[in-house]
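# Topology and contacts: notes
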Amino acid sequence: KPDLAILLGYSTAALGGDQASIWGEDLADGVASWYVGLELDVTLGANRQAEALASAATLRMSQAQIDAESVRMNVFNGLLTRLEQAEAGHQQMQWMQQRESLQERIFERQEAQFEAGQIPVGVLHDAMDDLIEARRKAVDAQVAYQLAVIALRLVEGSLFVEYGLSEAQTPRLRLDGGSSL
């Protein structure tokens, strides 16, 4: 690109002598001259350095866009993974609660049959063991779901901080089994 400069200078006609004579005698003689000028510097032909700088700037801009897209995808994937874990935990919790309810009904029927003398005590103990196991699994599923919800909230907050995002820039997540992504 063209470059325009203003030049201001001073010269003397004295070519000989020392500095003291230039400042003393030559200035007094009126031989000194001042000049002001404009200098226009235009590169003719290819300016390889400027082209290289422009190309490097374009590449840096391109790389920054790729990096920004990568960050966006990392944030999205992190949130999506945790959301899917929370949804799977919720579904597992519901299944385990249904299984627990079913095992309770089975135990109640077998208890009634035992009291009527229709089944041996071993069958009732097996039904009780199955009910206890179903309750344990239902509690484990509830704990796993709550941990998944906590992990989702934790990763949501930590990713916001890590990448300098605000909640207004991201989709809202629902933890009731659905998402609004």
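Here the structure is a predicted model, which means the values were calculated and not measured. (Residues numbered from 1 in each chain as written. Predicted model: local features only at pLDDT ≥ 70, side-chain atom pairs only at ≥ 80, totals over all residues. Heavy atoms only, no water.)

Helix and strand counts for the protein chain stand at three helices and two strands. The order of α-helices and β-strands along the protein chain, N terminus first, is β-α-β-α-α. The contacts of the protein chain with a sequence gap of at least 6 include a subset with a gap of at least 24, amounting to 70%. Accessible surface for the protein chain amounts to roughly 13,200 Å². Of this, 56% is attributable to carbon and sulfur atoms. (Helix = DSSP H or I, 4+ residues; strand = E, 2+ residues; numbered from the N terminus. Contact = heavy atoms within 4.5 Å. Areas by Shrake-Rupley, 256 points an atom, 1.4 Å probe, with all protein chains shown as cover.)

Okay, a nonpolar patch on the surface next. Among the surface-exposed residues, Leu4, Ile6, Leu8, Trp34, Val36, Leu38, Leu40, Val42 and Leu44 lie close enough to one another that they form a single nonpolar patch of about 1,200 Å² accessible area. Of all elements in the fold, only β1 (3-11) and β2 (33-41) reach the threshold of two or more residues within the nonpolar patch. If you tally residues by element for the nonpolar patch, the top one is β2, at four residues. Checked against the element boundaries, Trp34 lands in strand β2. (Patch = residues over 30% accessible without salt bridge, like charges linked within 9 Å, V, L, I, M, F, W, Y side chains within 5 Å. Salt bridge = Lys/Arg side-chain N within 4 Å of Asp/Glu carboxyl O.)

Okay, the environment of Val121 next. The topology assignment puts Val121 in helix α3 (residues 121-163). The partly exposed category is assigned to Val121, whose relative accessible area is 43%. Between the C-alpha atom of Val121 and that of Glu111, which follows or precedes it by ten residues, the distance is 9.2 Å. (Buried < 20%, exposed > 50% of the residue type's maximum accessible area, 1.4 Å probe, protein only.)

This part covers the pattern of salt bridges. What the rule picks out here adds up to six salt bridges. The shortest N-O distance in the salt bridge between Glu133 and Arg136 comes to 2.4 Å. Here Glu133 pairs with Arg136, and both are found in helix α3, just three residues apart, close to one helical turn. It is possible to trace a salt-bridge network through shared partners that takes in Glu133, Arg136, Lys137 and Asp140.

Turning our attention to the confidence of the model for the protein chain. Across the protein chain, pLDDT averages 80, with 75% of residues at or above 70. Confidence scores differ between elements of the protein chain, with helix α1 (residues 19-29) showing the lowest mean pLDDT of 57 and helix α2 (residues 48-115) the highest of 91. Across residues 177-181, confidence stays below pLDDT 50; counting only partners more than four residues off in sequence or on other chains, it has 16 contacts. (pLDDT = per-residue confidence, 0-100.)

Attention shifts here to α2. Here α2 contains 68 residues, and its C-alpha end-to-end distance of 99 Å stays within 8% of the 100 Å for a straight helix at 1.5 Å per residue. Along α2, the residues that are buried comprise Val75, Leu79, Leu83, Ala86, Gly89, His90, Met93, Met96, Glu100, Gln103, Phe107 and Gln110. (Expected span 1.5 Å × (residues − 1).)

Counting residues in each nonpolar core, the largest one holds six residues, listed as Met93, Met96, Ala138, Ala141, Tyr145 and Val149. Listing elements by their share of this core, those giving two or more residues are α2 and α3. Per-element tally for this core: the top contributor is α3, with four residues. (Core = buried A, V, L, I, M, F, W, Y, C linked by side-chain atoms within 4.5 Å.)

Attention shifts here to the environment of Leu44. Locating Leu44 in the fold gives a position in the loop between β2 and α2. Along the backbone, Leu44 and Lys1 are 43 residues apart, and their C-alpha atoms lie at a distance of 10.0 Å.

Here we come to the environment of Val36. Its location among the elements puts Val36 in strand β2. Note: C-alpha distance between Val36 and Leu8 (28 residues apart in sequence) is 4.5 Å. Residues in contact with Val36, not counting those within four places in the same chain, are Leu7 and Leu8.

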